[in-house]
Amino acid sequence: MDKLIINGGKKLGGEISVHGAKNSVLPILASTLLIKGESVIKNVPSLTDVDASVRILEYLGAKVKREADTLTVDAREITKNSVPEDMMREMRSSIIFLGSLLSRTKEAVICYPGGCDIGVRPIDLHLSALKKLGAVITENGSCLHCKAQSFHGAKIILTFPSVGATENIIIASVLAKGRTTIINAAREPEISDLAAFLNSCGARIFGAGEGTVEIEGVESLSPCEHTVIPDRIETATYMCAAALNANELTVKNVRIRHLYPVLPVFSEMGCKLGFDDDSVKISSPKRLKRVKHIKTAPYPGFPTDCQAIVMAALLKSYGVSVISESIFEGRFKHISELNRFGADIAVNDRSAIINGVKSLYGANVYCTDLRGGAAMVIAALAAEGKSSIRDIYHIDRGYEKIEENLALIGADVKRVSDEKEENKDVGQEQR
């Protein structure tokens, strides 16, 4: 197992670029099962979640080739209609394969997905929607047996604007007979990116990114090339690191409008923001101001994926900040680890109260989940002394070579093997 060693207190600055959005790549890769040809997907980051999706595609019979940040998926021959449990458990987004696999093969067997342990994330919205489209689904232990001789259009009202359910419905509906209407659909930019890819392949999807989405089924899709949008959560992560521990930082390859839900928070902290066509420049004050109250909400509200990283940025702010988590009930597990740096965070039900401190100190911590892991990195960069961050496989799910990117802007961070460090310590003790 690898870990990160960070010598904190180094001022960050300069320029850093953002990779493609993980949460766009995964559903787009799943949807390539619908296309009997070669799909070319560009701006694809090298992440373990992407690797997991590729393994599923290859297991099902697709041929996948990577060249730099481009993936070519040839799904002309799909030979299996089931996904092994160990593959499904690698990530939460694996459930997105259900709609595409069922549409392609008319029958599918999958098991319940895995991913970060951040609370209950039921897939009932996915299943009920697919049933309305014509699927027959039975449960056998931890696996689902699904059949759909043909999908047909339906009116689907979501009780919650679930991103995954919206994506699954869109993917399952593009080849269905008739028109499908999704009411209370998720509005995240990644939904629009998925629709843009499928529309380039010949789908007829209208209103993606709005509360109501219409899909007019077509007979077939054709291969296309598509460039994935920049990762807005990675962008916010670097902005949080800069807010806490940089004089000025420019983050490049971004979509400014996708950042609208988080930009007011940085302004409230006292940061100065400057914008170009595809970059944002952030300048931080000597000490950040507190943020009165942040509450996570579905897009265009403040994203739950930014809750932990903004909390890390506020650790040394002047005053008391409050962050309320309304999406996942188990997404405060990173707090106990952040407090090891000398932070002062208390929890009251589903709200975190952050009392800003003057200094943070190096600590040995563990990543609790993907974004919690990023929060540990942000805190360690601003802490005095040396920190070690373990279980960084969580971070690798959503950040490509984070240690190399941070080193480019002045961070003292390296990835090492736990075994090498332990052997080194033993050798020193013996001497």
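Residues numbered from 1 in each chain as written. Predicted model: local features only at pLDDT ≥ 70, side-chain atom pairs only at ≥ 80, totals over all residues. Heavy atoms only, no water.

## Looking at the overall build of the protein
The line we're drawing: Strands here mean DSSP runs of E at least two residues long; helices mean DSSP runs of H or I at least four residues long; both are numbered from the N terminus. Within these notes, the globule rule equals 2.2 Å times the number of residues to the 0.38 power, and the radius of gyration is based on C-alpha atoms. Relative accessibility thresholds used throughout: buried, under 20% of the residue-type maximum; exposed, over 50%; partly exposed, between the two (1.4 Å probe, protein chains only). Whether two residues are in contact is decided by their heavy atoms, any of which lying within 4.5 Å being enough. Accessible areas in this description were obtained via Shrake-Rupley with a 1.4 Å probe; residue shielding takes into account the shown protein chains only. All tallies of charge rest on Lys and Arg as positive and Asp and Glu as negative; His and the ends of each chain are not included. Charge positions come from single atoms, namely NZ of Lys, CZ of Arg, CG of Asp or CD of Glu.
For the protein, the count of helices and strands is 15 helices and 23 strands. Here the C-alpha atoms of the protein give a radius of gyration of 22 Å, agreeing with the 22 Å that 2.2 N^0.38 yields for 431 residues. Projected onto its principal axes, the C-alpha positions of the protein cover 65 × 50 × 40 Å. Relative to its full complement of 431 residues, the protein shows a buried share of 57%. Within the protein, contacts between residues separated by at least 24 positions form 72% of all contacts whose residues are at least 6 apart in sequence. In the structure as shown, the protein presents an accessible area of about 17,500 Å², 46% of it carried by carbon and sulfur atoms. Of the side-chain charges in the protein, 53 are positive and 53 negative, and the distance between the mean point of each set is 3 Å.

## Things to note about the sheet that holds strand β19 (residues 344-348)
Across a sheet, paired strands are connected by hydrogen bonds in the backbone, their directions being either parallel or antiparallel. Our working definition: A pair of strands is treated as paired once DSSP finds two or more bridges between them.
Spatially, β17-β18-β20-β19 is the arrangement adopted by the four strands of the open sheet, whose pairing is mixed. Two strands in the sheet have a free side with no partner beyond their single neighbour: β17 (294-295) and β19. Bridging between β19 and strand β20 (residues 351-355) involves five bridges; their strand directions are antiparallel. Counted as the bridge partner of I345 is I354 from β20.

## Regarding the pattern of salt bridges
Stated precisely, the cut-off is as follows: Within this document, salt bridges are pairs made up of a side-chain nitrogen of Lys or Arg and a carboxyl oxygen of Asp or Glu, the two lying within 4 Å of each other.
Tallied over the entire structure, the rule returns 20 salt bridges. A salt bridge links E214 to R179; its shortest N-O distance comes to 3.2 Å. Of this pair, E214 sits in strand β12 (residues 212-216) while R179 sits in strand β10 (residues 179-183), placing them 35 residues apart in sequence. Residue class for E214 comes out partly exposed when judged on its relative accessible area of 22%.

## Examining the pairing of strand β15 (residues 272-275)
With four bridges joining them, β15 and strand β16 (residues 279-283) adopt antiparallel strand pairing. Directly across from G274, in β16, lies its bridge partner K281. Linking β15 back to β16 in an antiparallel pair, the connection comprises three residues.

## Regarding the nonpolar core
Under the convention used in this document: To form a nonpolar core, buried Ala, Val, Leu, Ile, Met, Phe, Trp, Tyr and Cys residues must be joined to one another through side-chain atoms within 4.5 Å.
In this structure, V50, F151, I170, V174, L198, I205 and L221 are the most contacted members of the largest nonpolar core, which totals 76 residues. Look past the residues within four positions of L198 in its chain and what remains in contact with it is S31, I170, V174, A203, I205 and L221. With 75 residues, the next largest nonpolar core counts A243, I282, A313 and A379 among its residues.

## Overview of the packing of helix α4 (residues 97-105) against helix α6 (residues 163-173)
Helix-helix packing: each pair is described by the crossing angle between the helix axes and the interaxial distance. Our working rule: As a rule, the C-alpha atoms of each element are fitted with a line to give its axis, helices using only the stretch in contact, and angles between N-to-C directions run from 0 to 180 degrees. Oblique is the label for every angle not falling under 35 degrees (roughly parallel), over 145 degrees (roughly antiparallel), or within 65 to 115 degrees (roughly perpendicular). In a left-handed crossing the near helix is turned counterclockwise from the far helix by less than a right angle, and in a right-handed crossing that turn is clockwise. In the scheme used here, Gly and all other residues not listed as nonpolar or charged are polar, with Ala, Val, Leu, Ile, Met, Phe, Trp, Tyr, Cys and Pro taken as nonpolar and Asp, Glu, Lys and Arg as charged.
α6 packs onto α4 with a crossing angle of 15° between their chain directions and a minimal axis gap of 8 Å. Taken together, the axis directions place α4 and α6 in an arrangement best described as roughly parallel. Both α4 and α6 take part in a crossing whose hand is right-handed. Between α4 and α6, the residues in contact are L98, G99, S100 and S103 and N168, I171 and A172, respectively. Residue composition of the contact of α4 with α6, by class: three nonpolar, four polar and no charged.

## Describing the sheet that holds strand β13 (residues 225-227)
Taken in spatial order, the four strands make up an open sheet running β4-β5-β3-β13, and their pairing is mixed. If you trace the sheet from one side to the other, it starts and ends with β4 (63-67) and β13, each paired once. Averaged over neighbouring strand pairs, the angle between their axes works out to 15° when direction is ignored. In this sheet, strand β5 (residues 70-74) lies alongside β4 in antiparallel orientation, the contact comprising five bridges. If you follow K65 over to β5, its bridge partner there is T72. Here helix α2 (residues 48-60) sits on the sheet and contacts β4 and β5; the angle it forms with β4, its principal contact strand, is near 145°.

## Describing α4
α4 sits mainly inside the fold: eight of its nine residues count as buried. Every buried residue of α4 is accounted for by F97, L98, G99, S100, L101, L102, S103 and R104.

## Topic: the confidence of the model for the protein
Put simply, the test is: pLDDT measures how confident the predictor is about each residue, on a scale from 0 to 100.
For the protein, mean pLDDT is 93; residues scoring 70 or higher make up 95% of the total. Low confidence marks residues 115-121, where pLDDT is under 50. Its contacts with residues over four positions away, or in another chain, come to 24 contacts. Low pLDDT (under 50) marks residues 425-431, which in the prediction has zero contacts with non-local residues, meaning those over four places away or in another chain.

## Comments concerning the state of the cysteines
Basically, it comes down to this: Note on terminology: disulfide denotes any pair of cysteine sulfur atoms within 2.5 Å.
Tallied over the entire structure, the rule returns one disulfide. The residue that forms a disulfide with C111 is C143, at a sulfur-sulfur distance of 2.2 Å. On the sign convention where negative means left-handed, the S-S torsion of about 45° between C111 and C143 marks this disulfide as right-handed. In this pair, C111 sits in strand β6 (residues 107-111) while C143 sits in strand β8 (residues 143-147), placing the two residues 32 residues apart along the sequence. In this structure C111 comes out as buried when scored by relative accessible area, which is 4%. The exposure class of C143 is buried, given its relative accessible area of 17%. We note that C240 lacks a disulfide partner, and the nearest cysteine sulfur, in C306, lies 6.7 Å from it.

## Some remarks on unusual backbone geometry
In this structure, P300 follows Y299 across a cis peptide bond, with omega equal to 15°. Its location among the elements puts P300 in the loop between β17 and α10 (307-313). Here K106, not a glycine, exhibits a phi torsion of approximately 70°, which is positive. Tracing the backbone through its elements, the reader meets K106 in the loop between α4 and β6.

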